[in-house]
Amino acid sequence: MTLARAFPRIASGLLLALGAMLAAFPATAGDGADKPASPAIQVPDDKGRTVWLSAPARRAVTLAPHATELVYAAGAGGHLIATIRGSDFPAAARQLPIIGDGTQPDAERVAAVRPDLLIGWQPAAAEPLTRVMDKLGVPVFYSDPLTLAAIPDAVERMGMLFGTEAQARPAAARLRDRLAALTARYAGRRPVRVFVQAGLDPIYTLNDSSIVSDALRVCGGVNVFGQAPIVAPQVTLESVLAARPEAVLAGVARPADTQHNLAAWQTLGLPAARAGHVYGIDADALYRPGPRLIDAAEAICADLDRLR
């Protein structure tokens, strides 16, 4: 059984975790909206572009679940008018109209809701829309935080785009304080070797390019396949056993999935599983580079500390 079949929500979140696999498209003169004569707002995005707005966004569409979460964290959820399938947090996001999925957003639906800002994740996924948005004069902002420290920055940038800095800055400060507390608390702790399970049949993992590995690093964890040459390699059972992980970490859709993983790894003969060190974190929180990943990091740190 593949991970996509067993846990569809995890497969969706895993796609977000693999953003580094997609090539970043360079910005061109026509990318997004043309620069206004006197732009009131200038915000750098995560693809090295500067997005210009003549006024704070009031009718935005998000093309990734993590972007939706960042907008709400910045106090701007009321200015979202549509999103993609699977963009389900916070609860208010479930009431937004759906314009397709993250890999195939419907350009006609997007144009029909008359956005004044499009927030994407990867240019490759947004490419069908960017030509339409360019013709309509709608700017496109790309959000792709690659580290935990980049998440508070992303919240602040959303505040700049929507003119909600008064809410976004304190929210970002709280996230930074929590990260600083985690880093200080677990600095100097004994390293724990961790296998990141991104798929079980076949077995997939993530390397250190993934933001999940950054969460492990904060906790004093060491990704046993961190130096793999690609972001999400398929690995053999023999290689996992040879790596001698002390713990297994996986994104799960429900608590019962952790018990399933534990039983599977015990059957496969992994010593860490025989000791009970198989941990599950809500997949959406773990794989989406949004504020809830800091919640996930706190849980990971606590789990790893139990086996030291």
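Keep in mind the model is a prediction, meaning the values are calculated, not measured.

Draft legend 1. Here's a closer look at the environment of Ala243. Take Ala243: it is sitting in helix 9 (residues 237-243). For Ala243 and Val224, which are 19 residues apart along the polypeptide, the C-alpha to C-alpha distance reads 6.2 Å. Once residues lying within four places of it in the same chain are set aside, the contact partners of Ala243 are Arg193, Val224 and Phe225.

Draft legend 2. Representation of the pattern of salt bridges in the model. Within this structure, the stated rule accounts for 19 salt bridges. For Arg292, the salt bridge identified is with Glu69, shortest N-O distance 2.7 Å. Taken together, the positions of Arg292 in helix 13 (residues 292-306) and Glu69 in helix 3 (residues 65-73) put the pair 223 residues apart, joining distant regions of the chain. Here Arg292 matches Glu69 in class, with each residue buried. The partner of Arg178 in a salt bridge is Asp295, with the nearest N and O atoms 2.4 Å apart. One end of the pair, Arg178, is in helix 7 (residues 165-186); the other, Asp295, is in helix 13, and 117 residues separate them in sequence. Looking at Asp295, the relative accessible area reads 38%, which means it is partly exposed.

Draft legend 3. Molecular detail of the packing of aromatic side chains. Summed over the entire model, instances satisfying the criterion amount to two aromatic pairs. With a centroid separation of 5.9 Å and an interplanar angle of 75°, the aromatic rings of Phe195 and Phe225 are classed as edge-to-face. Residue Phe195 is found in strand 7 (residues 192-197), and its partner Phe225 is found in the loop between strand 10 (221-223) and helix 9; the two are separated by 30 residues along the sequence. Phe225 matches Phe195 in its accessibility class, with the two residues each being buried. Through a chain of ring-to-ring contacts, three or more aromatic side chains come together here, namely Phe195, Phe225 and Trp265. Arg292 extends its terminal NZ or CZ atom over the ring of Phe89, reaching a point 3.9 Å from the ring centre.

What counts, and at which threshold
- Residues numbered from 1 in each chain as written.
- Predicted model: local features only at pLDDT ≥ 70, side-chain atom pairs only at ≥ 80, totals over all residues.
- Heavy atoms only, no water.
- Helix = DSSP H or I, 4+ residues; strand = E, 2+ residues; numbered from the N terminus.
- Contact = heavy atoms within 4.5 Å.
- Salt bridge = Lys/Arg side-chain N within 4 Å of Asp/Glu carboxyl O.
- Buried < 20%, exposed > 50% of the residue type's maximum accessible area, 1.4 Å probe, protein only.
- Phe/Tyr/Trp six-rings, centres within 6.5 Å; stacked < 30°, edge-to-face > 60°.
- Lys NZ or Arg CZ within 6 Å of the ring centre and 35° of its normal.

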